[in-house]
Amino acid sequence: MLLLVAHLVGNAAFTLLVRYARGPRFDYAMVGATNYATGALLGLAVFAASATGPPAWGSLIAGAVNGAQYQLTFLFMHALIGIGGIAVATSVLRLAAAVPVVASMLVWHEPVSSFQAGGLLLAAIALPLLAGVNPAERARHHGGAHPGPLRVAVTVGATLLVTGAGLLAAKVFAELNSPGDRPAYVAAAYATATVLSALTWRRQPRGEGRHTSAGRAKSIGLGVVTGAVNFGQLSAFLPALATVPGVIAFPVAAAGGLICTVAGGWVLFRERPTIRHAAGLGLAVGAATLMNWRA
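Analysis parameters
- Residues numbered from 1 in each chain as written.
- Predicted model: local features only at pLDDT ≥ 70, side-chain atom pairs only at ≥ 80, totals over all residues.
- Heavy atoms only, no water.
- Helix = DSSP H or I, 4+ residues; strand = E, 2+ residues; numbered from the N terminus.
- Rg over C-alpha atoms; globule rule 2.2 N^0.38 Å.
- Buried < 20%, exposed > 50% of the residue type's maximum accessible area, 1.4 Å probe, protein only.
- Contact = heavy atoms within 4.5 Å.
- Areas by Shrake-Rupley, 256 points an atom, 1.4 Å probe, with all protein chains shown as cover.
- Lys, Arg positive; Asp, Glu negative; His and termini not counted.
- Charge placed at Lys NZ, Arg CZ, Asp CG, Glu CD.
- Expected span 1.5 Å × (residues − 1).
- Salt bridge = Lys/Arg side-chain N within 4 Å of Asp/Glu carboxyl O.
- Core = buried A, V, L, I, M, F, W, Y, C linked by side-chain atoms within 4.5 Å.

Enquirer: Help me out: how do you make sense of the overall build of the protein in this one?
Expert: Broken down by element type, the protein carries twelve helices and zero strands. When the helices and strands of the protein are read in sequence order from the N terminus, they spell out α-α-α-α-α-α-α-α-α-α-α-α. Here the C-alpha atoms of the protein give a radius of gyration of 18 Å, agreeing with the 19 Å that 2.2 N^0.38 yields for 295 residues. By residue count, 48% of the 295 residues in the protein fall in the buried class. Long-range contacts, defined as pairs at least 24 residues apart, comprise 88% of the intrachain contacts of the protein with a sequence gap of at least 6. For the protein, the exposed area adds up to about 13,200 Å²; of that, 72% sits on carbon and sulfur atoms. With 19 positive and 7 negative side-chain charges, the protein shows a spacing of 9 Å between the two charge centroids.

Enquirer: Looking at this model, I keep getting lost on helix H6 (residues 114-130). Mind explaining?
Expert: The α-helix advances 3.6 residues per turn, and as a result positions three or four apart in sequence lie on the same side. Between its terminal C-alpha atoms H6 stretches 24 Å, which fits the 24 Å expected from 17 residues at 1.5 Å a residue. Within the sequence span of H6, burial applies to Gln 116, Gly 119, Ala 123, Ala 126, Leu 127 and Leu 130. Where H6 is buried, its residues meet helix H4 (86-95), helix H5 (98-106), helix H8 (149-176) and helix H12 (275-291).

Enquirer: Where do I start with the pattern of salt bridges in this structure?
Expert: What the rule picks out here adds up to four salt bridges. In this structure, Arg 19 and Glu 271 form a salt bridge, with 2.9 Å as the shortest nitrogen-oxygen distance. Taken as a pair, Arg 19 in helix H1 (residues 2-21) and Glu 271 in the loop between helix H11 (246-269) and H12 lie far apart in primary sequence, 252 residues in all. Residue Arg 19 shares its accessibility class with Glu 271, and that shared class is buried. A salt bridge links Glu 110 to Lys 171, with the shortest nitrogen-to-oxygen separation between them at 2.8 Å. Note that Glu 110 is positioned in the loop between H5 and H6 and Lys 171 in helix H8, a separation of 61 residues in sequence. Looking at Lys 171, the relative accessible area reads 17%, which means it is buried. A single salt-bridge network, built from bridges that share partners, covers Glu 110, Lys 171 and Glu 175.

Enquirer: Would you mind showing me how to read the nonpolar core here?
Expert: Nonpolar side chains tend toward joint burial in soluble globular proteins. Counting 26 residues, the largest nonpolar core has Val 92, Leu 95, Val 156 and Met 291 as the members making the most contacts within it. Taken together, the elements giving at least two residues each to this core come down to helix H3 (57-84), H4, H5, H6, H8, H11 and H12. For this core, the element with the highest residue contribution is H4, accounting for six residues. Excluding anything up to four places from it in sequence, Val 92 contacts Leu 80, Leu 130, Val 156, Thr 159 and Leu 160. Core analysis: the next-biggest nonpolar cluster, separate from the first, contains 23 residues, Phe 14, Leu 93, Phe 173 and Tyr 185 among them.

Scope: geometric values only; no functional claims are made or implied.
Laid out in structure tokens, this is it:
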């Protein structure tokens, strides 16, 4: 259970560090690139220390897809935080679990439990509530300019699908039944995210920190911490599954991580969700819990 708690705290800390990186003192793109490069180095070190043979190509491809999702989601988070704060961004990420649930039903013909069906219904209700602008957050990050409802809806929808694709890649890896390839999968994910970060560098959101050597140094330092925290929370979750029943671990990880992150945003950044977003957040907690319930 301690490992599960470590995962919850680490996952929330990672998301809040990303929120912190959005501040003007940092270069958001540099924090992201350093974050994934740190994860790649740690992942490659673990792989080198534990590899017993060449990994299957399927594991590497699934990891690469997951890594591409990491970087794209990192970019979408920048937009979502500006639209509605960390509560909205995290809620949408958690609701992306709907994608592998639906794929499991359609592709692998897995039966959907009544819990998961209820979670999908709550997710469908929560998303329209979350796809709205929080004027306070928009003013804080963009000087009060409001994006149109279509742009907000597209951003939320794209984040849901892209993040869901990454979760689906993890599902595909699980279906390959190659637990020995897990270090290679993780290393491939972080390496791909690092490469994609470099390829999309010119189109990434930046920050005022990029203009000074002190700002760039702070961004690199924050990126290293963020990458280590991210790698650590993932490393804690995998062995936690071996000691905590999945019927407890998955719902607690989904709902607990969301609650911890939103609480951290409230305490550290004084984020106040609108009534609409608060209702969507409550539904998202229920949806994330039910969709991850292994009955």
